[in-house]
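Summary of the model geometry
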Amino acid sequence: PFWIFFLFLFILGSCLSSDKEISEPTESEELIVGETGNYMASKLMVTLSSELSAAIQREGLVEATRFCNIRALPLTEMLTIASEYPVEIKRTSTKYRNPLNAPDKYEVVALNYFNLLAREGKQLPPEFIQKITLEDETFFYFYRPLVMAGLCIQCHGDPTEMDPDLVSVLSEKYPDDKALYYKEGDFRGLIRVKIEMTELDLE
C-alpha cells in the first residue's frame, strides 16, 4: 500500500527533495504502467537468464562471469531500444557489482522501502510504482524486486566458499564489488523500468 511507502519516507527522513517529486499514481496510471513494466521486466529476466544459462553450459561458470561483465548492460540497452514502448530499463541495488547500476535518488527511495520490508521479514510486493513530477516532465518508475536464487549464490555468496578462479575474475572485473555475501532468498535489488506516458496514452 502506498501509505506505507510515504510513512517509510517520513521515518527514514531520506531523499527529501525526491519526496516532493514522488506522488501516488492514479488507478488508471497504475494499471497501464504496471502492465508495461511487468512486460518489460519479464522480458529482461528471460533474456538475461537464458543468455547466462547458455554461457554457463558452453564455457563454465568462471567464463560466464565474463559474459555478465561484457553483455549484461548491452542486452539491457538493446531491449530498451527495441521496445515498442517509451521505456528505459535498468537493474539496480544498494549493493551493486557494476557501478553503472548504482541507484539514482528515486531508486534509493524504492530500495530503502524494499530493504526495510526485507529486514523486518515481511513479504515483498511483486511490484512498486513511483509517479515522478519535475518542472518540465512527468514519468513513472516501475520496480520489480529481485531475490537471490541458488544459482546466483555461486557468484554472489561468501567469497571464501566460492571457486578461487571465479573470485579472481570478479576481483579483476569489479574491484569495488559490493554484491557479495548474499544467501539464497535474500532481497537482491530491483529491475527498474522508466515509463513515459502522456495523457493521451492513459485515456
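Below is a summary of the structure that appears in this document.

This part covers the overall build of the protein chain. Tallying secondary structure elements over the protein chain gives eight helices and five strands in all. Helices and strands appear in the protein chain in the N-to-C order α-α-β-α-α-β-α-β-β-α-α-β-α. The buried share among the 203 residues of the protein chain stands at 44%. Summarising the internal contacts of the protein chain: among those between residues at least 6 apart in sequence, 70% fall at separations of at least 24. Carbon and sulfur atoms form 54% of the exposed surface of the protein chain, whose accessible area is close to 11,200 Å².

Moving on to the state of the cysteines. Counted according to the given criterion, the structure contains zero disulfides. Here C152 is not cross-linked by a disulfide; its sulfur's nearest cysteine counterpart is in C155, at 8.3 Å. C152 gets classed as partly exposed once you look at its relative accessible area, which sits at 31%.

Within this structure, the stated rule accounts for nine aromatic pairs. Each ring, one from Y113 and one from F128, has its centre 4.8 Å from the other, and the planes form 40°; the classification is tilted. With Y113 in helix α5 (residues 105-119) and F128 in strand β3 (residues 128-133), this pair connects stretches of sequence that are 15 residues apart. Comparing Y113 with F128 shows no difference in burial state: the two are buried. For F128, a relative accessible area of 5% gives the class buried. Taken together, the ring pairs connect Y106, Y113, F114, F128, F139, Y141, Y143 and F187 into an aromatic cluster. R192 extends its terminal NZ or CZ atom over the ring of Y141, reaching a point 4.5 Å from the ring centre. In this structure, K194 packs its charged tip against the face of F139, placed 4.4 Å from the ring centre.

Attention now moves to the side chain of K131. Inspection of the secondary structure puts K131 in strand β3. We classify K131 as buried; its relative accessible area is 17%.

A contiguous patch of negative charge on the surface is contributed by E88, E135, D136, E137 and E196. Relative to the assigned elements, E137 resides in the loop between β3 and β4 (138-147). The exposure class assigned to E137 is partly exposed, which follows from its relative accessible area of 32%.

Cut-off values and rules
- Residues numbered from 1 in each chain as written.
- Predicted model: local features only at pLDDT ≥ 70, side-chain atom pairs only at ≥ 80, totals over all residues.
- Heavy atoms only, no water.
- Helix = DSSP H or I, 4+ residues; strand = E, 2+ residues; numbered from the N terminus.
- Buried < 20%, exposed > 50% of the residue type's maximum accessible area, 1.4 Å probe, protein only.
- Contact = heavy atoms within 4.5 Å.
- Areas by Shrake-Rupley, 256 points an atom, 1.4 Å probe, with all protein chains shown as cover.
- Disulfide = S-S within 2.5 Å.
- Phe/Tyr/Trp six-rings, centres within 6.5 Å; stacked < 30°, edge-to-face > 60°.
- Lys NZ or Arg CZ within 6 Å of the ring centre and 35° of its normal.
- Patch = residues over 30% accessible without salt bridge, like charges linked within 9 Å, V, L, I, M, F, W, Y side chains within 5 Å.
- Salt bridge = Lys/Arg side-chain N within 4 Å of Asp/Glu carboxyl O.
- Lys, Arg positive; Asp, Glu negative; His and termini not counted.
- Charge placed at Lys NZ, Arg CZ, Asp CG, Glu CD.

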